[in-house]
Amino acid sequence: MSATPEAPVSVPIADLDSDDLLGSFAEGRRLVGTRCGNCGQTMIGSRVVCSSCVSRDVSRVPLPGTGVLYSFTRLHVGGDGVRAVGYVDLDDDVRTLADLREDATPLRPDAPVELVVDGDAWFFTPVTGA
Ligand SMILES: [Zn+2]
């Protein structure tokens, strides 16, 4: 009886708490996504298998830097004032929870939003004039 060789253990889903969701692409710094070559599903984060069809034919892709605000809320946080968070539907059928910032254009559901990268921080803000 032969011993089973040590095989690498794959992790089906990246650890979204420790993996950096920002990546550098030809388009600039974008949120990292994974696209399935079998079913076409796009997912947020780096993955080794498709969460829809379990295919291993997946590739790392930049997610779109624009989307639509699906829903949001404002949190009153001690010391930091008010923080807005919400779900953004990216232009690639990916919904993600994100920090939100608003300047002159107030947040509202269905508003077009765009990704802003500031150092290692990222958030979405309403598209000015939209
Ligand atoms: Zn798939």
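Definitions and limits used
- Residues numbered from 1 in each chain as written.
- Predicted model: local features only at pLDDT ≥ 70, side-chain atom pairs only at ≥ 80, totals over all residues.
- Helix = DSSP H or I, 4+ residues; strand = E, 2+ residues; numbered from the N terminus.
- Buried ≥ 20, exposed ≤ 12 C-beta atoms within 10 Å, placed from the backbone.
- Pairing = 2+ DSSP bridges.
- Core = buried A, V, L, I, M, F, W, Y, C linked by C-beta atoms within 7 Å.
- Contact = placed C-beta atoms within 7 Å.

## What about unusual backbone geometry?
The backbone of Val-54 sits at a positive phi, close to 65°, despite the residue not being glycine. By secondary structure assignment, the location of Val-54 is in the loop between strand 3 (42–44) and strand 4 (58–62). Val-54 sits in the exposed class, given 11 other C-beta atoms within 10 Å. A positive phi angle, near 70°, is found at Asp-110, a position not held by glycine. For Asp-110, a count of 9 C-beta atoms within 10 Å gives the class exposed.

## Description of the pairing of strand 2 (residues 28–36)
Alignment of strand 1 (residues 22–25) against strand 2, held across four bridges, turns out to be antiparallel. For Ser-24, the partnering residue across the bridge sits in strand 2 and is Arg-29. The hairpin turn running from strand 1 into strand 2, its antiparallel successor, is two residues long. Here five bridges tie strand 2 to strand 4, and the two strands are oriented antiparallel to one another. Among the inter-strand pairings, Val-32 is bridged to a residue of strand 4, identified as Pro-62. Judged from the three bridges that link them, strand 2 and strand 3 form a sheet pairing that is antiparallel. Residue pairing in the sheet places Thr-34 in a bridge with Met-43 of strand 3.

## A short note on the nonpolar core
Membership of the largest hydrophobic core is limited to 12 residues, which are Leu-31, Val-32, Leu-63, Leu-69, Val-88, Leu-90, Ala-98, Leu-100, Ala-111, Val-113, Leu-115 and Phe-124. If you list the elements that add at least two residues to this core, you get strand 2, strand 6 (81–90), strand 7 (95–100) and strand 8 (112–118). Filtering out sequence-adjacent residues up to four positions away, Leu-69 remains in contact with Gly-86, Val-88, Leu-107, Pro-109, Asp-110, Ala-111 and Val-113.

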